[in-house]
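# Structural characterization, general
The residues making up each chain are set out below.
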Amino acid sequence: MVDADPRRNIPRTDHLLNLPEVVAAGERLSQATIRSIISETQTAARTGEITVAEVAPTVIRHLSSRSASSLTPVLNATGIIVHTNLGRAPLSESARRAVADATGYVDVEMDLETGRRSKRGAGAKQALLRACPEAEDALVVNNGAAALLLVVTALRGGRGASAVADDATDDDRTNSDNSVAADEIIVSRGELIEIGAGFRLPDLMMTTGARLREVGTTNRTHLDDYAQAIGTETASLLKVHTSNFRVEGFTASVEVAQLRGLADEHDLPLIADLGSGLFEPDPSLPDEPDIASALAAGADVVIVSGDKLLGGPQAGLILGRSDAVQRIAKHPLARAMRTDKLTLAAIEATIANTENPVQDALHIDVDQLRERSERVAGLVSGTVVAHDGRVGGGGAPGVPLPGWAVELPEELARPLRLGDPAVVARVHQGRCLIDLRCVPEADDDRIGEAVNRARGNHA
Ligand SMILES: *Cc1c(COP(=O)(O)O)cnc(C)c1O
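Here is what the cut-offs are and how they apply
- Residues numbered from 1 in each chain as written.
- Predicted model: local features only at pLDDT ≥ 70, side-chain atom pairs only at ≥ 80, totals over all residues.
- Heavy atoms only, no water.
- Salt bridge = Lys/Arg side-chain N within 4 Å of Asp/Glu carboxyl O.
- Helix = DSSP H or I, 4+ residues; strand = E, 2+ residues; numbered from the N terminus.
- Buried < 20%, exposed > 50% of the residue type's maximum accessible area, 1.4 Å probe, protein only.
- Pairing = 2+ DSSP bridges.
- Axes fitted to C-alpha atoms, helices over the stretch in contact; angles between N-to-C directions.
- Contact = heavy atoms within 4.5 Å.
- UniProt positions renumbered as here; feature names shortened; annotations may be inferred.
- Near = heavy atom within 4 Å.
- Polar contact = N/O pair within 3.5 Å; in protein donor to acceptor, adjacent residues only side chain to side chain.
- Nonpolar A, V, L, I, M, F, W, Y, C, P; charged D, E, K, R; others polar.

### With respect to the pattern of salt bridges
- Scanning the entire structure with this criterion turns up 22 salt bridges.
- Ionic pairing is found between Arg213 and Glu184, a salt bridge with its closest N-O pair at 3.5 Å. With a gap of 29 residues between them, Arg213 in strand 9 (residues 211–215) and Glu184 in strand 6 (residues 184–188) connect regions that are remote in the sequence.
- Since its relative accessible area comes to 33%, Arg213 is described here as partly exposed.
- Exposure remark for Glu184: the relative accessible area of 10% places this residue in the buried category.
- The salt bridge partner of Asp445 is Arg375, with a shortest N-O separation of 2.7 Å. Of this pair, Asp445 sits in helix 19 (residues 444–458) while Arg375 sits in helix 17 (residues 366–380), placing them 70 residues apart in sequence.
- Taking the relative accessible area as the measure of exposure, Asp445 reaches 37% and is therefore partly exposed.
- Residue classification places Arg375 among the partly exposed positions, given a relative accessible area of 44%.

### Side note on the sheet that holds strand 17 (residues 422–428)
- Spatially, five strands are ordered 1-17-18-16-14 in an open sheet, and the strand pairing comes out mixed. Strand pairing shows two members of the sheet lacking a second neighbour, strand 1 (74–77) and strand 14 (383–386), which therefore form its edges. If you compare each strand with its neighbour and ignore which way they point, the axes differ by 40 degrees on average.
- By the bridge criterion, four bridges tie strand 14 to strand 16 (residues 404–409) in an arrangement that is antiparallel. Along strand 16, the bridge assignment pairs Thr383 with Glu407.
- The strands touched by helix 17 are strand 14 and strand 16; relative to strand 16, the strand with the most contacts, the crossing angle is about 20 degrees.

### Side note on the environment of Glu113
- Note that Glu113 resides in the loop between strand 3 (110–111) and strand 4 (116–117).
- Note: C-alpha distance between Glu113 and Ala257 (144 residues apart in sequence) is 44 Å.

### A look at the UniProt feature "modified residue: N6-(pyridoxal phosphate)lysine" (unreviewed entry) in the chain
- Residues annotated by UniProt as "modified residue: N6-(pyridoxal phosphate)lysine" (unreviewed entry) correspond here to Lys308.
- Looking at where Lys308 falls in the secondary structure, it is placed in the loop between strand 12 (301–305) and strand 13 (316–320).
- For Lys308, a relative accessible area of 9% gives the class buried.

### Some words on the site of the ligand
- Residues in close proximity to the ligand total 14 residues, the closest being Gly144, Ser243, Asp273, Ser305 and Lys308.
- Here Asp273 contributes a side-chain N or O atom positioned 2.6 Å from a nitrogen atom of the ligand.
- Partitioned by chemical class, the residues of the shell around the ligand number five nonpolar, six polar and three charged.

Next up, the structure:
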């Protein structure tokens, strides 16, 4: 039977809702989700994308493949370790277990011994202080940007909360005199960065009502530039790591250790936003600052992200002198940036355990990477080519991480992304490059199978 207007035959919603498979899916998925899948499928039939006969099977297929959220796990075959579009750092197995364990009721603010209230985040803090003995205290907030906002807001004039009382007799402590609106943050012009997606650190800081006093020029800033700018309105000195770009050639910048002297002279807080979370210097990334060195050089507090080189969940870590960190923790804004229990669990597990996929990918054995690449190339009849990985949005701009990749035709990239498992390869100069640096070795075979399926689907 052929109807002139096939749309009249599109199965009705109540008919679809009563199909046994759809009723069964109701135990897993909400009615709203089921109805939206039905409605999308009916629309697809109405617009001729699928035939009327395909409506019921399509609804059933979509319902069964629907995961709990719309986020699709992917294998990162780009060679970019901290890939912002892929959620930055992948968590280690122990961090994943810690997150899973924290999902229900958990003693995040209770001492089970006494039944009394305890300090939220104590475990994460202890893990941080063990990993970084240079820090007297630590605080975890939602992300690096939140940490920066909170720190510049809370530390305005005077190095710590107790500084006003302790040093009240000190004559040159103009900056913590409450009659002066100390709201100027002194920062080098070369360090006013945009961190991605159009978000700029200077705009962020100005939302706090602070004013930025830019010193120096784009390529060169000297200690004297800072010294000249300090006045009664100075709130703090800020040093920002230019994490996502590099100025080359005729450049000069002032290090934390030099700024310390100036900060002492004027009793100002010295803040260092480091971006990536290295605890100690990493010889493979010589230009990347680390927490221990910045604190040893005299920063009152340092700020790092949890999900860059640290390899943890999205978080902003604030470490430093106890008076400064206490003052930050007590600021009302700190409550608005409070970390979730899942994040606290993941941070603690990331720091307390040695297993760390980000560090593994960074320090991968290049010969082993080549062997793995050759094996996968054999499975998919591809060619192994030299290929540099990258740290990614998380830092070390322009630093190549030498390695290997399996070269395939460019047109495989799309079916690979849309396959199951979804594989995100690097598309570069008309080629599809599979870099196994960030792929767990146990998934090599799945990559091979995915490529062969993508080939089949593409052919
Ligand atoms: C990444 C970065 C930030 C922002 O941190 P998020 O965790 O992404 O909010 C701030 N400052 C610097 C120097 C950075 O590299």
